[in-house]
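Fold and contact review
For reference, the chains in residue letters:
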Amino acid sequence: MSYLVLKDLEKRYSKAGALIVNKMNLSIEKGEFIVFLGPSGCGKTTTIRMISGLEEVSGGDILIEGESILNKKPRDRGVSMIFQSYAVWPHMTVFENIAYPLKLQKVPKDEIKKRVYAAAEAADITALLDRYPAQMSGGQRQRVAVARAIVVKPKIFLMDEPLSNLDAKLRVSMRTELKNIHNNEKSTSIFVTHDQSEAMSLADRIVVMNKGIIEQIGTPMEVYHDSATKFVASFIGTPPTNFFDVKIELGDGQLNAVGDGFRYKVQEELREALRPYINKNVDMGVRPEFIGLSVDGNKGPGFLCEATIDFVEPQGTHSILITRVAGEEVKIMTTNHMEIKPNTVVNLHVKDGKAMFFDKETTKRIK
Ligand SMILES: Nc1ncnc2c1ncn2[C@@H]1O[C@H](COP(=O)(O)OP(=O)(O)O)[C@@H](O)[C@H]1O
Ligand SMILES: [Mg+2]
C-alpha cells in the first residue's frame, strides 16, 4: 500500500469551468522526495492545496495510509506546507515562530522547547532563535519557515516553490540543505517547482505536469533519457531538445526519416516501432548533446545534413553551437569542437542512434 495516493483527482474552480487538474493518478511511497514540475499555470499549486485541504476537490480521492482524507480538516491531515512567500510572523522571535504550531496543538512547554531546538538544528538556525525576522536575510527567513513546518513532524511535507524568492546562489545552497533535512527527518515530501534543474537535483521521482495532466512520472534520469512525450523532451534539458518535422519513408529496404533538407536512416532498434508510420509525419527530437559534427566531410552513421555554424556560445566546460536546418534553429552542445568559428561548414549527425520519435496526434514517444 502506498503512503499517499491521488486517485482520479480532479479540480474545476467553477461548475462549468475548465478542468484544471484532470484525472490525476499518483502513488507516493513513505520517505520519497517527489517533485511536481511543470510550467506556470499547469495545476501544481492547485494539486498540493487539495492535498493540504486548503482547496476542495471536484472529483476523485486522496488517501494517506489507505484512508481517505477528504473529510478531514486541514489541521487534522498531518500535512505541513511552506509557501513561496515564506510567511513568518514579524512580531515573533524565531523561537516563537517555530513553537507556534505546537502551541496551537497544546503541546507541553518542555516538549515544545525540545522540539523547537531539534527543528532549529535541522534547519541550521540555532544561533538565530532570539532574533526577529526583520533582522534576518531571505535565506534565513526561509529556514525558519522550514523549521516551523517540520517541527510538527508532518506525514507529508508540501513545499510550493519555496526557493524562488531567493537569489540564484542561495537557491542552490538551500536546495542542498532541504535535501539534507529531508534525508535526516525521513519525511515524505512533495516539492513544487517550474525549474527543471531544481527538480532534477532534488527529486527521487519527478512528476512532469502540463495543462492539468501528468505527462510522465520517473526518476530524473528516466525523464531526461527516456522522455515519454514530446512535452517532456522539450521541457527537460537546457538547451531544449531540437525537433524536426519528418516523414517516415521506406527506401532500399530501410526506414528513413525525411525532413526538409535531410534524410536520416532510422536506427535499427526503432524500425519495427516506426513501421506503422510509413508515409506519415512524426516529430523527430534530438537533444543538443546528441548532435555530433564533423569538419572533414564525413557522412558516416547517423548522417543528417551539411550546415553552417552561425553562432558559438562558449560555456567553459562545453560550447553551444547554433546553426539552422531548413531555416529552423538547431542547437548543438559540444565538448570536442569548442574552438570552432562561426561560418564553418560542418556535417551534422545523430550520435549513437539517439533520435527520438513522437506520434503527432498523441505526442507520445514511439519506441
Ligand atoms: N482560485 C482560483 N480560481 C480560479 N482559477 C484559479 C484559481 N487558482 C488557480 N486558478 C487557475 O488554475 C490554473 C492552475 O493554477 P495553479 O495551480 O496555480 O498553477 P501552477 O501552480 O502550476 O502555476 C491556472 O490557470 C490558474 O489561473
Ligand atoms: Mg504555483
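Before any of the text, the structure's been laid out above.
The numbering scheme is per chain: residues are counted from 1 as the chain's sequence reads. Labels follow written order: the first chain is A, the first ligand is 1, and so on. Per-residue local features are limited, in this predicted model, to residues with pLDDT of at least 70; the limit for side-chain atom pairs, both in listing and counting, is 80 or more; totals at the level of whole chains, interfaces and linings are taken over all residues.

This paragraph deals with the overall build of the protein. Helix and strand counts for the protein come out as nine helices and 21 strands. Dimensions along the principal axes, computed over C-alpha positions, put the protein at roughly 80 × 45 × 35 Å. Partly exposed residues are those whose C-beta has more than 12 but fewer than 20 other C-beta atoms within 10 Å; 20 or more makes a residue buried and 12 or fewer makes it exposed, with C-beta atoms placed from the backbone. The burial tally for the protein puts 38% of its 367 residues in the buried class. Any residue pair is listed as a contact if its two C-beta atoms, each placed from the backbone, are within 7 Å. Counting only contacts in the protein whose residues sit at least 6 apart along the sequence, the fraction spanning at least 24 positions is 68%. Helix and strand assignments come from DSSP, with helices taken as H or I runs of at least 4 residues and strands as E runs of at least 2, each series counted from the N terminus.

Here the focus is the site of ligand 1. Close to ligand 1 lie Y13, I20, G38, S40, G41, C42, G43, K44, T45 and T46. Looking at the shell around ligand 1, the element that brings in the most residues is helix α1 (residues 44-52), giving three residues. Only the C-beta atom matters for nearness: placed from the backbone, it must lie within 6 Å of the molecule or strand for the residue to count as near.

Strands are labelled as partners when DSSP assigns at least two bridges between them. One open sheet accounts for three strands, arranged β15-β20-β16; its pairing is antiparallel. Here the strands that pair on one side only, and so sit at the sheet edges, are β15 (291-294) and β16 (303-308). Neighbouring strand axes in the sheet, compared pairwise and without regard to direction, differ in orientation by 35° on average. Bridge count for β15 against strand β20 (residues 345-350) is four bridges, and the pairing is antiparallel. When the sheet's bridge partners are listed, G292 is paired in β20 with H349. Every angle, taken between N-to-C directions, lies between 0 and 180 degrees, and every axis is a line fitted to C-alpha atoms, over only the stretch in contact when it is a helix.

Turning next to helix α2 (residues 94-104). Among the residues of α2, V94, F95, N97, I98, A99 and L102 are the ones counted as buried. If you follow the buried residues of α2, they end up packed against α3 (109-122) and α4 (138-150). Two residues or fewer after α2 comes K106, characterised by a positive phi angle close to 55°.

Read across the sheet, six strands follow the order β6-β7-β8-β3-β9-β10 without closing on themselves; strand pairing throughout is mixed. The outermost strands of the open sheet, each flanked by one partner alone, are β6 (79-82) and β10 (213-218). Strand-to-strand twist in this sheet, taken as the mean axis angle between neighbours without regard to direction, amounts to 20°. Relative to strand β9 (residues 205-210), strand β3 (residues 33-37) runs parallel, the two being bridged by four bridges. Paired with I34 across the two strands is R205, which belongs to β9. The strands that α4 touches are β6 and β7 (156-160); relative to β6, the one it contacts most, it runs at about 175°.

Let's shift gears to unusual backbone geometry. With an omega of -10°, the peptide bond between T238 and P239 qualifies as cis. By secondary structure assignment, the location of P239 is in the loop between α8 (230-235) and β11 (242-251). Its identity as a non-glycine residue notwithstanding, K153 has a phi of 50°, on the positive side. Structurally, K153 is set in the loop between α4 and β7. Residue K153 is classed as partly exposed on the basis of its 13 C-beta neighbours within 10 Å.

Once that is clear, we can look at the environment of S68. Along the polypeptide, S68 turns up in strand β5 (residues 67-68). Residue S68 is classed as exposed on the basis of its C-beta count, with 12 C-beta atoms lying within 10 Å. Between the C-alpha atoms of S68 and L6, which are 62 residues apart in sequence, the distance is 9.8 Å. If we skip the residues at most four places from it in the chain, S68 touches D61, I62 and L63.

So, on to the nonpolar core. Counting 94 residues, the largest nonpolar core has V35, I98 and A147 as the members making the most contacts within it. Ranked by residues supplied to this core, first place goes to α4 with six residues. The residue makeup of this core includes at least three contributed by each of domain 1 (4-235) and domain 2 (242-358). For A147, the contacting residues outside a window of four places in its chain are I98, A119, A120, A122, A123 and I125. Working definition: the nonpolar core is a set of buried Ala, Val, Leu, Ile, Met, Phe, Trp, Tyr and Cys residues, joined through C-beta atoms within 7 Å. An automatic or database domain assignment supplies the start and end points of every domain.

On to the packing of α2 against α4, then. Relative to each other, α2 and α4 sit at 30°, their axes nearing to 7 Å. In this view, α2 runs roughly parallel relative to α4, as classed from their interaxial angle. Like other packed secondary-structure pairs, α2 and α4 cross with a definite hand, here right-handed. Contacts between α2 and α4 involve V94, N97, I98, Y100 and P101 from the former and V144, A147 and R148 from the latter. The classification used treats Ala, Val, Leu, Ile, Met, Phe, Trp, Tyr, Cys and Pro as nonpolar, Asp, Glu, Lys and Arg as charged, and all other residues, Gly among them, as polar. In terms of residue class, the contact of α2 with α4 is built from six nonpolar, one polar and one charged. Note on angle classes: values under 35 degrees are labelled roughly parallel, values over 145 roughly antiparallel, values of 65 to 115 roughly perpendicular, and the remainder oblique. In this scheme, a crossing is called left-handed if the near helix is turned counterclockwise away from the far one by less than a right angle; it is called right-handed if the turn is clockwise.

What follows is about the pairing of strand β19 (residues 328-334). Here strand β18 (residues 319-325) runs beside β19; their pairing, made up of seven bridges, is antiparallel. Paired with I322 across the strands is K331, a residue of β19. The loop that links β18 with its antiparallel partner β19 comprises two residues; one of these, A326, has a positive phi angle of about 50°.

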